[in-house]
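Single-letter residue listing:
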Amino acid sequence: MTSEDIAEREKDTLLLRLQREKYVNLKPPPSPILYSKRFIVSVLLFFGHVMIAMGSQVIHIAAVEMTSKNDHTNQSSTNDSTFLKLLFEPTVYQWDTITIGAVQSMFWYGCSFSPIGGVLSQKFGGATIMGVTMMMVAGALLLTPLGLRIHFYLFLGLRILVGVLEGFSTTSCAPIFAHWIPKQERSILVSSIVNGFYFGNAFTFILCGFLAHRWGWPMSFYGAGIICFCWSLLWLLIVTNDPAEDRTISQKELAYIKNTTESICPAAKKDHPYKEILLSPPFWALTLCYFAYSWATAFVVGYCPMYIKDVTQNSTNVVGYLSSIPNIANMFIIPISGILLNKTQKTIKLRDNQIHKITVSGGFAISAVLFALIPLANDFNVSMICAVIINVLVSVNRVVFELIKVSMAPNHSSLISGMSLIGQSSGAVIAQMFVGYMVQNHSIAEWNTCFFWSTGVLVLTASFYLISGSSEPQSWSMLSQSQETYQEDKARGANQ
């Protein structure tokens, strides 16, 4: 490190301390959180996760309609222009399970580029990256039906593009949490925000299932694209990267946020300890957790429509409603889990790291048992109950992952988010390829084999995180932060 770099870092640290002293004597805002700007940001971010879910899950419900002939497929009028037919005619495709698995995995191939989104979020701000990328996702969704008409590979390219953009959007959430949400409120607000993803899954299956069944599968992409565009426009107009940049926030609330969030050092935007992160066991434990989460949700959410179709032979509309059940359960349970986590941190004499280990390892272990129970019970109702419980448990873990990333290294939270999300995209891709090759005859026996494999994946993950996982501030996060401010953040984390 050169003398100029050292001088610049010392300057950034001095500015950081001056900013702290500016707000330290101001009291927290007396108004409830419901009247605060951070609440508005949290509500918008909740719906942002709904948009992310729509972009990723619309293909799962649309694929059911794209590969099954229904009454509306022959209702196109001969008077329609060729261009309108190109946009709206619900063509049926003779895809096998391997092709369907490849189509659905394209999104996750795109998510493999999420570390780039982490770097961009550090440079341009999380809120900016979130708004811009989701606006582009809206455009890609609106172009998807036309892209498939033109060429199959263009369609695959659009799905990869959606994955790239949503990978960027997901990584941008970590710096938004770090800047906007005080640590005392983080368990409740983050759990409520992340719950938007599960609400979005249910909403997507119901809305897009109805649109696809009533007017054809192209309408499911158009509906998702229009809604996503409207949200992106609203987000860019209202939300800023940092509370200090917001013209509508009160000074008391700004002081409260600045005094109760981690120190975000400007030097961290230029100097990332890539080597130290890659050699860190807690980082790899978190990455494996993302892999297991994505593997589990691929079965209880992503492949839920196909599984229900194979077992019940219902229409796409009914399949959409049944597939939404695990996510509807999450809509009610995830916010409660955030409240329980918050109360546990205040009442039980355990460090945050210990609570996180119990939650993550315990959730994966119980889910592993439930995956084994599905083939052993050999009953559709039992399968749906197990799917609901598994989805709730791994979704609670997903909330804890967000807390872990910010606690490990707030200065590098978006980069860690992007790098660890490679595990999530890998889990989805491998799970979908696995199902594509294993479930070729759509038999119950083939599905049961997949469930037994899932048990092994989750047992391995629970054991590895229990041994190597940690949400304590990492020593390598100090490389872009002065020793003094690092110790302050570490002490603050131990006391809260």
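Residues numbered from 1 in each chain as written. Predicted model: local features only at pLDDT ≥ 70, side-chain atom pairs only at ≥ 80, totals over all residues. Heavy atoms only, no water.

1. Considerations on the overall build of the protein
Worth spelling out the cut-off: A run of H or I in DSSP counts as a helix once it spans at least four residues, and a run of E counts as a strand once it spans at least two, with each numbered from the N terminus. Residues count as neighbours in contact if any of their non-hydrogen atoms are within 4.5 Å of one another. Under the convention used here, a 1.4 Å probe and the Shrake-Rupley method define accessible areas, while residue burial counts only the protein chains that appear.
Helix and strand content of the protein: 20 helices and zero strands. A separation of at least 24 residues holds for 87% of the contacts in the protein among residues at least 6 apart in sequence. About 20,100 Å² of surface is accessible on the protein, with carbon and sulfur atoms providing 66% of the total.

2. Focus on the environment of Cys173
Following the sequence through the fold, Cys173 ends up in helix H7 (residues 152-180). Separated by 124 residues in the primary sequence, Cys173 and His49 have C-alpha atoms spaced 9.5 Å apart. Other than its neighbours up to four places away in sequence, Cys173 contacts Leu45, His49 and Met130.

3. A short note on a nonpolar patch on the surface
For the record, the criterion: Patches were defined on residues exceeding 30% relative accessible area and lacking a salt bridge, with like-charge contacts within 9 Å and nonpolar side-chain contacts (Val, Leu, Ile, Met, Phe, Trp, Tyr) within 5 Å. For this analysis, a salt bridge means a side-chain nitrogen from Lys or Arg found within 4 Å of a carboxyl oxygen belonging to Asp or Glu. Relative accessibility thresholds used throughout: buried, under 20% of the residue-type maximum; exposed, over 50%; partly exposed, between the two (1.4 Å probe, protein chains only).
Together, Ile40, Phe229, Leu233, Leu234, Leu237 and Ile238 line one region of the surface with nonpolar side chains, adding up to about 540 Å² of accessible area. The dominant element in the nonpolar patch, judged by the number of residues it contributes, is helix H9 (residues 217-238), at five residues. One can find Leu233 in helix H9. Residue Leu233 is classed as partly exposed on the basis of its relative accessible area, which comes to 42%.

4. What about the confidence of the model for the protein?
The test is simple: Residue-level confidence of the predictor, termed pLDDT, takes values from 0 up to 100.
Across the protein, the average pLDDT comes to 78, with 76% of residues at or above 70. pLDDT under 50 marks residues 9-27. Its contacts with residues more than four places away, or in other chains, come to 31 contacts. Ignoring residues within four places in sequence, the model shows residues 71-79, a span with pLDDT below 50, making 12 contacts including any to other chains.

5. Quick look at the nonpolar core
Selection criterion: The term nonpolar core refers to a set of buried residues drawn from Ala, Val, Leu, Ile, Met, Phe, Trp, Tyr and Cys, joined through side-chain atoms within 4.5 Å.
Judged by nonpolar contacts, the single largest core of 109 residues is most densely connected at Met130, Trp235, Phe299, Phe364 and Phe371. A per-element tally of this core places helix H2 (residues 37-66) first, with 14 residues. Those residues in contact with Phe371 that lie beyond four places of it in its chain are Ala296, Phe299, Val300, Ile390, Phe451, Ser454, Thr455 and Leu458.

6. Some points on the state of the cysteines
Throughout this description, disulfide means a covalent bond between two cysteine sulfur atoms. Let me state the cut-off plainly: Put simply, a disulfide is two cysteine sulfurs that come within 2.5 Å.
Under the criterion given, the structure shown has zero disulfides. Cysteine Cys230 is unpaired, with the sulfur of Cys228 as its nearest cysteine sulfur at 9.4 Å.

7. Things to note about helix H5 (residues 114-124)
This is how it is decided: Directions are taken from the helix axis to each C-beta atom, and the arc is the one they span.
The set of residues buried in H5 consists of Ser114, Pro115, Gly117, Gly118, Ser121 and Gln122. Down the axis of H5, the smallest arc covering the buried residues is 155°, so these residues share one side. Of the surrounding secondary structure, the elements contacted by the buried residues of H5 are helix H4 (97-111), helix H6 (126-150), H7 and helix H18 (413-438). Following H5 by one or two positions, Gly125 has its phi on the positive side, about 100°.

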